[in-house]
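# Observations on the model geometry
Chain by chain, the residues:
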Amino acid sequence: MPNLLAISFEGSLAPSFDLQCLQIGRKLPDGWGIGFYPGGEPSATVLKEPAPHATSIRSKLVEAWDHVESSMFVLHIRTATWGAVSDANTQPFARTFGGRDYLFGHSGSLKHRLTLPKFASPAFEPVGSTDTELVMCELMSRLAGAGKRSLSEVDANTLLAFFDELSDHGDMTSVLSDGRDLLCYADKNKDGAIYYARVWPPYDKVIVRDADLTVDLFKRGTKSRKGILIASNPMPADAGVSLDWQPVEAGKLLVIREGAIVATAGPIKKPANLRASEPPMSLASRDVARPRVVPPRRLSIVHTTSYRYDQAVERSSQVLRLTPIHDRLQSVLSHGVELSVDGKWRDYDDVFGNRVRRVEIDTPYRDLTIVARSVVDLLDTDPLSFRPLHKRWTIPLVWMPWQRAMLQPYLLPEELPDSEVEELTEYAMSFVDRNDYDLFDTLLDINSTIFKEYAYKQGVTSNVTTPFDVYTYRRGVCQDFANLFICLARLLSVPARYVCGYVYTGPKHQIHFNRRHLTLGCKCIYLRLVGKGLTLQTV
């Protein structure tokens, strides 16, 4: 039986917790408790029950009550070592500080009673008599003394040093949450182990269980979200779902936010002293993958499209958008288009600024080949060079009325049922929460997540596949991933649109035509043909 279980997911879920250890005839634990953050608020709800009776009403509440809904949960089942069996000594412990509630759960037991300095504030004095609560109050005192109001303001190595120091007194395997971040620490002396498992969509249901506890993560509604489970003992999943439980390395700290590990620290060999009198702790920063800067290139592109028909085509019209954009980021040195069948043509500029060639062919044909040759200097080598100096752009974006009128075509997401739009909005906001509302980090995180967590599979989608379908089943092709990214960006009021172009994959592979790309603010890092254009097949 895991005496400690913690859950962090993208967005909220309403799991069911069946405490089978409270069944009639079983040896009952000394207490149990669960804490969670309803509605994504910083305020925590805690249900506790010391010395529970078999089939207790409170245990049935967490099994069936649909208001037990949150993106984060901390569950503890107690076997008493220190302190009386009472509500005050039952975990998880909670404290309020900096406008949010903190939850603390401890899986181990200390070897001796701690003697810590007198607390600077009565708000951080223990209510009960356990060492676990004493440890939490000491941690809160150190946060307050350093002038920090949330876990995200503290460097992970600083937090690690605190747990490492207390590991000298016994097993400090534990979790700590402020409603946004979830910390998981594995005792450095290997006195107690703790494990984590990632939950990846798609799935119909996810149920983990052992002889004493069953957790049905999606009994009251399934959402296609990823998450992380933390448990003091691995809990196997029911058939149909594979969970790969991994031990957290001894002396290591994990920082989890919105179902993703956003930082790690340790193990360290030398403990640090973190008394409140020390200088303020440094701010934590997320390591968000960013596109690298590359040198300018001169590219020569030959684009060939061939049509073959069983019967002759008497007449046809071709609209070609094959001329690369010429601007400060990309210089077109030469360009030409050739058709294997003669026709009348004229060039014009479309509403997107593309150079378009319309060709009218009156000569019957069964084969048509279109060849476009271009030589281009690619100067757009630093994708984030337009980020303002010393300025942080945050979500939500605010547009002037005239700006919104101009951007309206790029702010409207695909028309979907309200329930699907709401779920996709929650999904988009999970990236915002995970990245401290930073605009660029949010967009880069969405891009990275689609790349890492969505499977590229041909033939499983079509041109009627919606962004919600892609989100649900986590698979598709480049067109599907572009559709999903655009939809999520627009739900965050970030204008986004398609861009067609070519991706340089190296001299061995020459140039590969990518059917669909997207750009934000007309910014991209490949040869561009702006606008929707045609979907062509390269031979």
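Residues numbered from 1 in each chain as written. Predicted model: local features only at pLDDT ≥ 70, side-chain atom pairs only at ≥ 80, totals over all residues. Heavy atoms only, no water.

## A word on the pairing of strand 22 (residues 365-378)
Put simply, the rule is: Strands qualify as paired when DSSP identifies two bridges or more between them. Helix numbers and strand numbers start at the N terminus; a helix is a DSSP run of H or I with at least 4 residues, a strand a run of E with at least 2.
Pairing of strand 17 (residues 297-313) with strand 22, which is carried by 13 bridges, proceeds in the antiparallel orientation. Considered in strand 22, the bridge of R298 is made with D377. Note that strand 19 (residues 330-339) and strand 22 share nine bridges and pair antiparallel. Residue L339 lies in a different strand from strand 22, and its bridge partner there is I370.

## Focus on the nonpolar core
Just so we agree on the cut-off: Take the buried Ala, Val, Leu, Ile, Met, Phe, Trp, Tyr and Cys residues and link them wherever side-chain atoms come within 4.5 Å; each set so joined is a nonpolar core. Partly exposed describes any residue whose relative accessible area lies between the buried limit of under 20% and the exposed limit of over 50%, with all areas from a 1.4 Å probe on protein chains only and scaled to the type maximum. Here, two residues are considered to be in contact whenever any of their heavy atoms come within 4.5 Å of each other.
Residues F9, F17, L217 and L229 are the most contacted members of the largest nonpolar core, which totals 32 residues. Of all elements in the fold, only strand 1 (4-13), strand 2 (16-19), strand 3 (31-36), strand 5 (70-78), strand 10 (195-199), strand 12 (213-216) and strand 13 (227-231) reach the threshold of two or more residues within this core. Per-element tally for this core: the top contributor is strand 1, with four residues. Contact partners of L229, with chain neighbours within four places excluded, come to A6, I7, F9, Y195, Y196, A197, V199, V208, L217, L243 and W245.

## Quick notes on the layout of surface pockets
So the rule is basically this: Cavity and pocket criteria rest on a 1 Å grid covering protein atoms alone: a 1.4 Å probe that fits but cannot get out defines a cavity, protein on both sides within 12 Å along at least 5 of 7 lines defines an open pocket, and an atom within 4 Å of a point defines a lining residue. Grid points are joined across faces, edges and corners, and a volume is the space filled by probe spheres set on the points. Each residue gets one of three labels, nonpolar for Ala, Val, Leu, Ile, Met, Phe, Trp, Tyr, Cys and Pro, charged for Asp, Glu, Lys and Arg, and polar for the others, Gly among them.
Taken as a whole, the second largest pocket encloses approximately 460 Å³ of empty space. The wall of the second largest pocket is formed by 22 residues, among which G39, G40, S71, E258 and D433 lie closest to the centre. For the lining of the second largest pocket, the secondary-structure elements that each account for two or more residues are strand 1, strand 5 and helix 5 (418-434). The residue makeup of the lining of the second largest pocket, split by class, is five nonpolar, eight polar and nine charged.

## Some points on a nonpolar patch on the surface
Spelled out, the test is: Exposure above 30% relative accessible area and no salt bridge define the residues that can form patches, which grow by joining like charges within 9 Å and nonpolar side chains of Val, Leu, Ile, Met, Phe, Trp and Tyr within 5 Å. Computed with the Shrake-Rupley method and a 1.4 Å probe, the accessible areas treat only the protein chains shown as cover for residues. Salt bridge, as applied in this entry: a Lys or Arg side-chain nitrogen positioned within 4 Å of an Asp or Glu carboxyl oxygen.
Together, M400, W402 and M406 make up an exposed nonpolar region whose accessible area comes to about 390 Å². Within the fold, W402 resides in helix 4 (residues 401-407). On the basis of relative accessible area, W402 is assigned to the exposed category, the value being 53%.

## Focus on the sheet that holds strand 11 (residues 207-209)
Applicable threshold: Note on definitions: angles span 0 to 180 degrees between N-to-C directions of axes, and those axes are lines fitted to C-alpha atoms, for helices only across the stretch in contact.
Within the open sheet, the three strands sit side by side as 2-12-11. Their pairing is antiparallel. One side of each edge strand has no neighbouring strand; the edge strands of this open sheet are strand 2 and strand 11. Recorded for the sheet is a direction-independent mean angle of 10° between the axes of neighbouring strands. Two elements, strand 11 and strand 12, share three bridges in a ladder whose sense is antiparallel. Residue pairing across strands places R209 opposite T214, the latter belonging to strand 12.

## Side note on the pairing of strand 20 (residues 344-349)
Little of strand 20 sits inside the fold, with zero of its six residues counted as buried. Of the pairings in the sheet, the one linking strand 20 to strand 21 (residues 355-361) comprises six bridges and is antiparallel in character. Each bridged residue has a counterpart across the sheet, and for D347 the counterpart in strand 21 is R357. In this structure, the hairpin formed by strand 20 and strand 21 is closed by a connection of five residues, where G353 is found at a positive phi of approximately 90°.

## Structural notes on the packing of helix 6 (residues 439-453) against helix 8 (residues 478-491)
Formally: To sort the angles, those under 35 degrees are grouped as roughly parallel, those over 145 as roughly antiparallel, those from 65 to 115 as roughly perpendicular, and the leftovers as oblique. Crossing handedness is read from the near helix: turned anticlockwise from the far helix by less than a right angle, it gives a left-handed crossing, and turned clockwise, a right-handed one.
Viewed as axis vectors pointing N to C, helix 6 and helix 8 meet at an angle of 155°, and their least axial separation amounts to 11 Å. The pairing of helix 6 with helix 8 is recorded here as roughly antiparallel in orientation. Crossing hand, helix 6 versus helix 8: right-handed. Taking contact as the criterion, the partners of L443, I446, N447 and I450 in helix 6 are, on helix 8, F481, L484, F485 and L488. A per-class count over the contact of helix 6 with helix 8 returns seven nonpolar, one polar and no charged.

## With respect to the packing of aromatic side chains
Just so we agree on the cut-off: The pairing test for Phe, Tyr and Trp rings, Trp by its six-membered ring, is centres within 6.5 Å, and the orientation test on the planes gives stacked under 30 degrees, edge-to-face over 60, and tilted for anything in between.
By the definition in use, this model includes 14 aromatic pairs. With 5.8 Å between their ring centres and 35° between their planes, F36 and F73 make a pair best called tilted. Here F73 lies in strand 5 and F36 lies in strand 3, a separation of 37 residues in the sequence. The pair formed by F36 and F73 is uniform in burial state, with each residue classed as buried.

## Focus on the environment of P364
As for its placement among the helices and strands, P364 is situated in the loop between strand 21 and strand 22. Since its relative accessible area comes to 45%, P364 is described here as partly exposed. When the C-alpha atoms of P364 and E314 are compared, they prove to be 4.3 Å apart, with 50 residues separating the residues in sequence. Those residues in contact with P364 that sit more than four places away from it in its chain are V313 and E314.

## What about helix 5?
Short version of the rule: Residue count minus one, scaled by 1.5 Å, sets the expected span of a helix.
Over its 17 residues, helix 5 extends 24 Å from the first C-alpha to the last, a length consistent with the 24 Å expected when each residue adds 1.5 Å. Listing the buried residues of helix 5 in full gives E420, E423, L424, Y427, A428, S430, F431, V432 and R434. Where helix 5 terminates, the next one or two residues include D436, which has phi positive at roughly 55°.

Fair warning: the whole summary comes from geometry, so function is off the table for now.
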